[in-house]
Amino acid sequence: MTTERLTADMWFDPSCPWAWVTSRWLLEVEKVRPVDFRFHVMSLSVLNAGRDLPQSYTDFLVRAWGPVRVCIAAEQRFGNKILLPLYTALGDRIHTPDKGTPEEIILGALAEVGLPADLADAAHSDALDAELRASHHAGMDLVGQDVGTPVIHVPGADGETIAFFGPVVTPVPRGEAAGRLWDGVLLVAGTPGFFELKRSRGDEAPRLF
């Protein structure tokens, strides 16, 4: 296992609970493996546009536009490094029951990170949807359209990008368990011709904290 520190990338939609768990795992991985993660925005609403979906999920996708548009607006104004703290502030609220209305969640997250409240206006505007779609496709195009979030890109040994969906895991692995999972994910994802490893999770819901 290499000791050279590398940079990997994760694409998230702040409204996705499974991506939230994976992102918290990646922060654990940083503590025990020589890797730093950059975070980027994708959109479940963009991904699922035009698909025949249950009404409950369609309603969810309508709500999901707000946080992801605020994230891309913040990144456009303040740079990529703002995404992790903003994602954390949003996720702490979105994935905790009774944290308020969508507007209260966004305004509270912006205030926590010290960002201007006017960024909340982006939630109801398509002005930056071209930038949002560009970020989305930068992450998703290498893994295909039959997956969602989380998506992770890692530089391969030969300079190519290893891109994969997942892992979908709950609860958040901590400490060396987080590192071992990372080692295993890199091993299978970096194996030429490897496409899928999956088992049914039944009724298991993401344990978010």
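Our subject is the structure listed above.
Residues numbered from 1 in each chain as written. Predicted model: local features only at pLDDT ≥ 70, side-chain atom pairs only at ≥ 80, totals over all residues. Heavy atoms only, no water.

Engineer: Kindly report on the nonpolar core, identifying the contributing residues and their values.
Structural biologist: Counting 59 residues, the largest nonpolar core has Trp-25 and Trp-182 as the members making the most contacts within it. If one sorts the elements of this core by residue count, helix H3 (residues 55-78) sits on top with 9 residues. Residues contacting Trp-182, with those up to four places away along its chain left out, are Ala-8, Trp-25, Leu-26, Val-29, Arg-33, Val-35, Phe-37, Ile-152 and Val-154. (Core = buried A, V, L, I, M, F, W, Y, C linked by side-chain atoms within 4.5 Å. Buried < 20%, exposed > 50% of the residue type's maximum accessible area, 1.4 Å probe, protein only. Helix = DSSP H or I, 4+ residues; strand = E, 2+ residues; numbered from the N terminus. Contact = heavy atoms within 4.5 Å.)

Engineer: Summarise the pattern of salt bridges; cite the residues concerned and give the values.
Structural biologist: Oppositely charged side chains can pair when the atoms bearing their charge come close. Within this structure, the stated rule accounts for 9 salt bridges. Across the pair Asp-36 and Arg-5 runs a salt bridge whose closest N-O atoms are separated by 2.9 Å. Taken together, the residues Asp-36 in strand E2 (residues 35-41) and Arg-5 in the segment before strand E1 (6-12) connect sequence positions 31 residues apart. The exposure class of Asp-36 is partly exposed, given its relative accessible area of 31%. For Arg-38, the salt bridge goes to Asp-9, with nearest N and O atoms at 2.8 Å. Of the two residues, Arg-38 sits in strand E2 while Asp-9 sits in strand E1, which places them 29 residues apart along the sequence. Under the relative-accessibility criterion, Arg-38 is labelled partly exposed at 40%. For Asp-9, a relative accessible area of 9% translates into the label buried. A single network of salt bridges, built from pairs that share partners, joins Glu-28, Lys-31 and Arg-174. (Salt bridge = Lys/Arg side-chain N within 4 Å of Asp/Glu carboxyl O.)

Engineer: Talk me through the packing of aromatic side chains; I want residue IDs and the actual numbers.
Structural biologist: In this structure the tally under the stated criterion is 6 aromatic pairs. Between the aromatic rings of Trp-25 and Trp-182, the centroid separation amounts to 6.0 Å while the plane-to-plane angle is 55°, which identifies the pairing as tilted. A residue pair is termed long-range when its members are at least 10 positions apart, and Trp-25 in helix H1 (residues 17-32) and Trp-182 in helix H7 (residues 175-189) qualify at 157 residues. Summarising the burial analysis for this pair, Trp-25 and Trp-182 share the class buried. Taking NZ or CZ as reference, Arg-24 lies 4.0 Å from the ring centre of Trp-20, over its face. Above the ring of Tyr-87, the side-chain terminus of Arg-24 is found at 5.4 Å from the ring centroid. (Phe/Tyr/Trp six-rings, centres within 6.5 Å; stacked < 30°, edge-to-face > 60°. Lys NZ or Arg CZ within 6 Å of the ring centre and 35° of its normal.)

Engineer: Mind laying out the side chain of Arg-69, listing which residues take part and the relevant values?
Structural biologist: Tracing the sequence through the fold places Arg-69 in helix H3. A polar contact is formed between the side chain of Arg-69 and the backbone oxygen of Ser-125, at a distance of 3.2 Å. If sequence neighbours within four positions are ignored, Arg-69 has contacts with Ala-122, Ala-123, His-124, Ser-125, Asp-126, Asp-129 and Leu-132. (Polar contact = N/O pair within 3.5 Å; in protein donor to acceptor, adjacent residues only side chain to side chain.)

Engineer: So what's going on with H7? Residues and values would help.
Structural biologist: Two residues of an α-helix separated by three or four positions point the same way, owing to the 3.6 residues in each turn. Under the 1.5 Å per step criterion, the end-to-end length of H7 is 22 Å for 15 residues, consistent within 8% with the ideal 21 Å. Residues of H7 that are buried include every one of Ala-178, Gly-179, Trp-182 and Val-185, and no others. What you see down the axis of H7 is that its buried residues fit within an arc of 125°, all on one side. Opposite the buried face of H7, at more than 90 degrees from it, the exposed residues are Arg-180 and Leu-187. As for H7, its buried residues are in contact with E1, H1, E2, strand E3 (151-155) and strand E4 (161-165). (Expected span 1.5 Å × (residues − 1). Arc of directions from axis to C-beta.)

Engineer: Would you mind going over the pairing of E3 in detail, with residue names and values included?
Structural biologist: On any regular strand, side chains alternate: one points to one face of the sheet, the next to the other face. Of all 5 residues that make up E3, 4 are buried, and the element is covered over most of its length. Pairing between E3 and E4: 5 bridges, direction antiparallel. Bridging across to E4, Ile-152 finds its partner in Phe-164. Hairpin geometry of E3 and E4 is characterised by an intervening segment of 5 residues between the two adjacent antiparallel strands and by a positive phi of about 95° at Gly-159. (Pairing = 2+ DSSP bridges.)

Functional significance is not addressed by these values, which are geometric in nature.
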